Amino acid sequence: MNGGERLEFEIHRNPAPVSAAERAALLANPGFGRVFTDHMVTIRYAEGKGWYDARVEARAPIQMDPATAVLHYAQEIFEGLKAYRADGGGVTLFRADANARRFRDSAQRMAMAALPEQAFLDSLKALVEIDREWVPDDPEASLYLRPFMYASEVFLGVKPSAEYLYAVIASPVGPYFKGGVAPVAVWVSDKYTRAAPGGTGAAKCGGNYATSLVAQAEAVEHGCDQALFLDAVERRYVDELSGMNVFFVFDDGSLVTPPLTGTILPGITRDSVLTLAREQGHEVREELYSFEQWRADAASGRLREVFACGTAAVLTPIGTVRSTDGEFVIADGGTGELTGRLRQTLVDIQRGRIADRHGWVRRIL
Ligand SMILES: *Cc1c(COP(=O)(O)O)cnc(C)c1O
């Protein structure tokens with residue numbers, strides 16, 4: 001496929017899908033990322049040929065030659081978004097066009113072929129359509145979609161791959177916080193960084209996650225839930241968590257979030273929160289915020305709330321901050337009022353419970 005023409009998906013139904021009874025049992029308590037639907041989408045790319053062989057087929061292991069480029073040089077990117085059950089049994093997506101755009105941007109940074117945004121969107125619809133019974137009815141649950149792409153050329157030479165495999169899999173997920181939203185503790189590492197200027201921090205690539213895991217292990221060792229990264233140059237300014245952006249809320253009602261300078265991921269939840277907070281009359285500044293200032297503002301009481309945000313957990317309050325210099329707590333360590341309110345507004349828009357004034361929600365089925 002080149003240019004404007006639309007990819008046609010060849011559909012091969014899974015001959016042995018999970019039974020309705022078994023699916024109901026799985027959907028009752030899916031957790032996160034362990035239960036998968038019956039099908040997957042794949043599209044292939046080859047230099048000189050373009051995108052071809054778009055299929056919806058039974059979800060199955062992918063055979064790989066041991067010399068497949070991704071296994072050696074990690075040319076890989078992904079996305080993550082949720083499909084929601086709408087009134088009357090339909091299905092909606094939230095800002096999927098932004099995921100499509102970001103996927104192209106990530107591909108460009110990783111010197112990979114860029115999948116046309118329409119093909120990305122069509123692939124999501126094709127998978128959700130065939131696996132629509134897997135979209136949970138539970139108003140707190142959703143079907144998590146995971147589009148990804150990797151270098152599939154069999155070659156050990158160091159260069160951008162001439163072949164790619166794009167795929168989408170889907171996983172029903174329950175509420176991120178069972179029994180209500182709970183504040184997390186973050187570990188601020190003085191040892192590890194996530195992304196340097198000029199690096200891949202703004203691309204959603206597996207490599208960024210690989211580098212974050214050792215810091216995450218350090219966080220867990222110190223009794224924390226998540227690692228929070230400072231900038232790689234001065235080790236001074238807040239960047240983000242390994243998979244979530246971060247916001248600070250002050251006593252004058254204003255918010256601060258780190259700017260998109262290339263070292264943090266441009267989160268779609270981040271962007272949505274910026275829009276909603278401004279709409280609700282809050283001043284939001286995208287500016288550098290140092291760890292030192294953070295500690296001082298928490299001590300003085302000027303800082304009222306801190307939250308992390310991303311598709312999986314929506315908004316997560318940060319209650320406690322730990323580092324080698326000790327620990328401090330944000331306000332009373334609980335869930336801030338604005339954090340709770342913004343979270344509710346965003347979830348209500350995603351679920352179609354309140355008006356969507358930005359055209360963020362699209363019905364696909
Ligand atoms: C995916 C991701 C986020 C959150 O992005 P959303 O579009 O809001 O889900 C934040 N930081 C990193 C590093 C990410 O990979």
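Residues numbered from 1 in each chain as written. Predicted model: local features only at pLDDT ≥ 70, side-chain atom pairs only at ≥ 80, totals over all residues. Heavy atoms only, no water.

**Regarding the overall build of the chain**
The condition that has to hold: A run of H or I in DSSP becomes a helix once it reaches four residues, and a run of E becomes a strand once it reaches two; helices and strands are each numbered from the N terminus. Each residue is assigned to one of three classes by its accessible area relative to the maximum for its type, calculated with a 1.4 Å probe on protein chains only: buried under 20%, partly exposed between the two thresholds, exposed over 50%. Working definition of accessibility: Shrake-Rupley area with a 1.4 Å probe, residue cover restricted to the visible protein chains.
Scanning the chain from terminus to terminus reveals eight helices and 18 strands. In terms of its C-alpha atoms, the chain occupies a principal-axis envelope of roughly 60 × 50 × 40 Å. For the chain, the proportion of its 365 residues judged to be buried stands at 53%. Summed over its atoms, the accessible surface of the chain is roughly 16200 Å², and 50% of this surface lies on carbon and sulfur atoms.

**Quick look at the site of the ligand**
Inclusion rule: Residues are counted as near a molecule or strand when any one of their heavy atoms sits within 4 Å of it. Counted as a polar contact is a pair of N or O atoms within 3.5 Å, where, for protein atoms, one must be capable of donating a hydrogen and the other of accepting one, and residues adjacent in sequence contribute only when both atoms are in side chains. Three categories are distinguished: nonpolar for Ala, Val, Leu, Ile, Met, Phe, Trp, Tyr, Cys and Pro, charged for Asp, Glu, Lys and Arg, and polar for the others, with Gly belonging to the last.
The environment of the ligand is formed by 15 residues, the closest being Lys204, Tyr209, Glu240, Thr269 and Thr311. Within the contact set of the ligand, an oxygen atom lies 2.8 Å away from a side-chain nitrogen or oxygen of Arg102. Here Lys204 contributes a side-chain N or O atom positioned 2.7 Å from an oxygen atom of the ligand. Contact with the protein chains hides 97% of the accessible area of the ligand, taken as 380 Å² for the molecule alone. Residue classes in the shell around the ligand are distributed as four nonpolar, seven polar and four charged.

**Observations regarding the environment of Thr345**
Filter applied, for reference: By definition, residues are in contact when any of their heavy atoms lie within 4.5 Å.
Checked against the element boundaries, Thr345 lands in helix α8 (residues 337–350). In this structure Thr345 touches Leu276, Gln280 and Ile354, once residues within four positions along its chain are discounted.

**Quick word on the packing of helix α3 (residues 96–109) against helix α4 (residues 117–130)**
Filter applied, for reference: Here the axes come from fitting lines to C-alpha atoms, over the contacting stretch only for helices, and the angles between their N-to-C directions go from 0 to 180 degrees. Oblique is the label for any angle not under 35 degrees, not over 145, and not in the 65 to 115 range, which are roughly parallel, roughly antiparallel and roughly perpendicular in turn. When the near helix sits turned anticlockwise from the far one by under a right angle, the crossing is termed left-handed; a clockwise turn instead gives a right-handed crossing.
Close contact between α3 and α4 brings their axes to 9 Å; oriented N to C, the two are set at 125°. Here α4 runs oblique to α3, going by the angle between their axes. For α3 against α4, the interelement crossing comes out right-handed. Contact residues: α3 offers Ala96, Asp97, Asn99, Ala100, Arg101, Phe103 and Arg104, while α4 offers Glu117, Phe120, Leu121 and Leu124. The residue inventory of the contact of α3 with α4, partitioned by class, reads six nonpolar, one polar and four charged.

**Side note on the packing of aromatic side chains**
For clarity, the cut-off: Note on aromatic contacts: the rings of Phe and Tyr and the six-membered ring of Trp form a pair at centre separations within 6.5 Å, being stacked when their planes are under 30 degrees apart, edge-to-face when over 60 apart, and tilted otherwise. Criterion for a charge above a ring: Lys NZ or Arg CZ within 6 Å of the ring centre, and within 35 degrees of the ring normal.
Overall, the coordinates contain 15 aromatic pairs when judged by the stated rule. Each ring, one from Phe103 and one from Tyr166, has its centre 5.6 Å from the other, and the planes form 70°; the classification is edge-to-face. In this pair, Phe103 is assigned in helix α3 and Tyr166 in strand β8 (residues 163–173), connecting sequence segments 63 residues apart. Comparing Phe103 with Tyr166 shows no difference in burial state: the two are buried. One aromatic cluster is present, built from ring pairs that chain together Phe248, Phe250, Tyr289, Phe291, Trp294 and Phe328. The ring of Tyr52 carries the charged tip of Lys49 above its face, separated from the ring centre by 3.8 Å.

**Observations concerning the packing of helix α6 (residues 268–279) against α8**
At a minimum axis distance of 11 Å, the contact between α6 and α8 shows a crossing angle of 110°. Between α6 and α8, the interaxial angle falls into the category roughly perpendicular. Every residue of α8 that contacts α6 at Thr269, Ser272, Val273, Leu276 and Ala277 is listed here: Leu342, Thr345, Leu346 and Ile349. The residue inventory of the contact of α6 with α8, partitioned by class, reads six nonpolar, three polar and no charged.

**Quick notes on the pairing of strand β6 (residues 91–94)**
Keep this limit in mind: For two strands to pair, DSSP has to find at least two bridges joining them.
Residues Val91 and Leu93 of β6 are buried on one face, and the alternating residues Thr92 and Phe94, pointing to the opposite face, are buried as well. Across three bridges, strand β5 (residues 81–85) lies against β6 in antiparallel orientation. When the bridges of β6 are listed, Tyr84 appears paired with Thr92. Between the antiparallel neighbours β5 and β6 lie five residues, among them Gly88 with a positive phi of about 80°. Where β6 and strand β18 (residues 361–363) come together, three bridges link them in antiparallel fashion. Its bridge partner being in β18, Phe94 is matched across the sheet by Val361.

**A few points about the side chain of Gln216**
Among the secondary structure elements, Gln216 is positioned in helix α5 (residues 206–221). Judged by relative accessible area, Gln216 falls into the buried class, the value being 18%. If we ignore the near neighbours within four places in the chain, the residues touching Gln216 are Asp225, Gln226, Ala227 and Ser242.

**A few points about the nonpolar core**
Formally: Nonpolar cores were defined as sets of buried Ala, Val, Leu, Ile, Met, Phe, Trp, Tyr and Cys residues, with membership established by side-chain atoms within 4.5 Å.
One finds Ile43, Trp51, Leu145, Met149 and Tyr166 to be the most contacted residues of the largest nonpolar core, which totals 51 residues. Residue contacts for Leu145: discarding those within four places in its chain leaves Glu79, Gly80, Leu81, Ala83, Leu93, Leu124, Val128, Ile169 and Ala170.

**Some thoughts on the pairing of strand β10 (residues 226–230)**
For the record, the criterion: With strands facing away from the observer, any crossover in which the path from the first strand over the helix to the second runs clockwise is taken as right-handed.
Burial analysis of β10 places five of its five residues in the buried class, the great majority of the element. Alternating residues of β10 divide into Gln226, Leu228 and Leu230 and Ala227 and Phe229, and every residue in both groups is buried. Inspection of the sheet shows strand β9 (residues 184–188) paired to β10 by three bridges, in the parallel sense. Opposite Trp187, over in β10, you have Ala227 as the bridge partner. Note on the crossover from β9 through α5 to β10: the handedness is right-handed. Pairing geometry for β10 and strand β11 (residues 238–241), over three bridges, is antiparallel. Bridge assignment links Phe229 to a residue of β11, and that residue is Glu240.

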